[in-house]
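Structural description and commentary
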Amino acid sequence: MIKQSPLAGDDAVVKEALRRLDHPARRLFMQRALTLGGLSLLTGCSITDDESVENALMKVSRLNDKAQAWLFDPNRLAPTYPESMITRPFPFNAFYDEDRVPDVDADAFRLEVSGRVADKHAWTLSELRAMPQADQITRHICVEGWSAIGKWGGVPFSAFLRRVGADLNARYVGFKCADDYYTSIDMPTALHPQTLLALSYDGQTLPRRYGFPMKLRMPTKLGYKNPKHVQAIFVTNTYPGGYWEDQGYNWFGGS
Ligand SMILES: Nc1nc2c(c(=O)[nH]1)N[C@H]1C(S)=C(S)[C@@H](COP(=O)(O)O)O[C@H]1N2
Ligand SMILES: [Mo]
């Protein structure tokens, strides 16, 4: 029987951990910190098999969320750009191809609002369009390795949350989308002055491929944190996760 030295065993586990960092977001956030000793010290996990590697990586990512939340400055603005710098055409991206983009009926549409909010009435698109609107030209950064500048307009999300009487001390705001996508964000980002419940793109009704009837646009977060085709919004203290986040992408996802 060949007895592996502890070092060789450790090496194999680190290799396996690195292999599991196949999502760019994970690589981005963890490549610097990753040693076996560091990983077990940081997480208090004894790392002995594939499952414990996976658990330890998830724990590192959640520690990273805490660090990012702590570093997040609610008053610091992301850069804005002139009209001349808008990327044309703006790229489409989703977990499926463009021919499968959901087709939402504008008249029948109601935005559901639930959880820790005083007013749970469902919103029509006209009601949302009647709220004060703002627009901004910002850069969208996707972890798949591209970025693009676009112009989004809509309701400042902090005004919306105040209007529905949301518990502004709650931890999370969650989003459910018409295409089975879902994600969630921290309350300080929800209240950031540049976070928009976007109803328009480049001066026109938000096109289907970019998330009709609305998307949450945050220039302080990576692309996957910006849900398109938003159908339901909920305020909660229970961690809601997200479509990519539950597969290992970092939850805070700040840019
Ligand atoms: N509903 C929904 N929202 C989503 C996605 C998705 O697949 N479904 N993909 C995310 C990712 S990874 C990116 S990069 C952006 C792409 O937005 P765009 O099509 O406007 O460029 O949408 C984000 N929001
Ligand atoms: Mo993305």
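In this text the structure is predicted, and so the values were computed from the model without any measurement. In every chain, residue numbers begin from 1 and rise along the written sequence. Following the order in which they are written, the chains are lettered starting with A and the ligands numbered starting with 1. For this predicted model, a pLDDT threshold of at least 70 governs which residues receive local features, and a threshold of 80 or more governs which side-chain atom pairs are given and counted, while totals over whole chains, interfaces and linings are taken from all residues. The basis for every side-chain value is the complete set of heavy atoms in the structure, and neither hydrogens nor water enter the calculation.

Turning our eyes to something else, we now look at the overall build of the protein chain. The helix and strand inventory of the protein chain stands at seven helices and nine strands. Between buried and exposed lies partly exposed: a residue is buried under 20% and exposed over 50% of the maximum accessible area for its type, with that area taken using a 1.4 Å probe on protein chains only. The buried share of the protein chain, taken over its 255 residues, is 49%. Residue contacts are counted whenever heavy atoms from the two residues lie within 4.5 Å of one another. Put simply, of all contacts in the protein chain between residues at least 6 apart along the chain, 68% involve residues at least 24 apart. Areas reported here follow the Shrake-Rupley algorithm with a probe of radius 1.4 Å; residue values treat only the protein chains shown as occluding. For the protein chain, the accessible area works out to roughly 12900 Å², and carbon and sulfur atoms hold 52% of it. Under the DSSP-based scheme used, a helix requires at least four consecutive residues in state H or I and a strand at least two consecutive residues in state E, with every element numbered from the N terminus.

Proximity criterion: a residue is near a molecule or strand once any of its heavy atoms comes within 4 Å of it. Inspection of the region around ligand 1 gives 21 residues, with P91, N93, D179, N226 and K228 positioned closest. Polar contacts here mean pairs of N or O atoms no more than 3.5 Å apart (in protein, one a potential hydrogen donor and the other a potential acceptor; neighbouring residues in sequence count only if both atoms are side-chain atoms). Note that an oxygen atom of ligand 1 is positioned 3.0 Å from one of the backbone N or O atoms of F95. Between ligand 1 and N226 there is a distance of 2.8 Å, counted from a nitrogen atom to a backbone nitrogen or oxygen. Across the complex, the protein chains shield 99% of the 540 Å² of accessible surface that ligand 1 would expose by itself.

Turning our attention to the pattern of salt bridges. Just to be clear on terms, a salt bridge is a Lys or Arg side-chain nitrogen sitting within 4 Å of an Asp or Glu carboxyl oxygen. Counted under the stated rule, the structure contains eight salt bridges. The salt bridge partner of K225 is E245, with a shortest N-O separation of 2.8 Å. Here K225 is found in the loop between β8 (215–217) and β9 (230–236), whereas its partner E245 is found in the segment after β9, with 20 residues between them in sequence. Accessibility assignment for this pair places K225 and E245 in one class, buried.

Turning to the sheet that holds strand β1 (residues 112–115), a few remarks are in order. In spatial order, the strands read β1-β9-β4-β5; together these four strands make up an open sheet with mixed pairing. Of all the strands in the sheet, just β1 and β5 (182–186) have a single pairing partner and so form its edges. Averaged over neighbouring strand pairs, the angle between their axes works out to 20 degrees when direction is ignored. By the bridge criterion, six bridges tie strand β4 (residues 172–177) to β9 in an arrangement that is antiparallel. When the sheet's bridge partners are listed, V173 is paired in β9 with V235. For two strands to be treated as a pair, DSSP must find no fewer than two bridges joining them. Helix axes are fitted to C-alpha atoms over the stretch in contact, other axes to C-alpha atoms as well, and angles between N-to-C directions run from 0 to 180 degrees.

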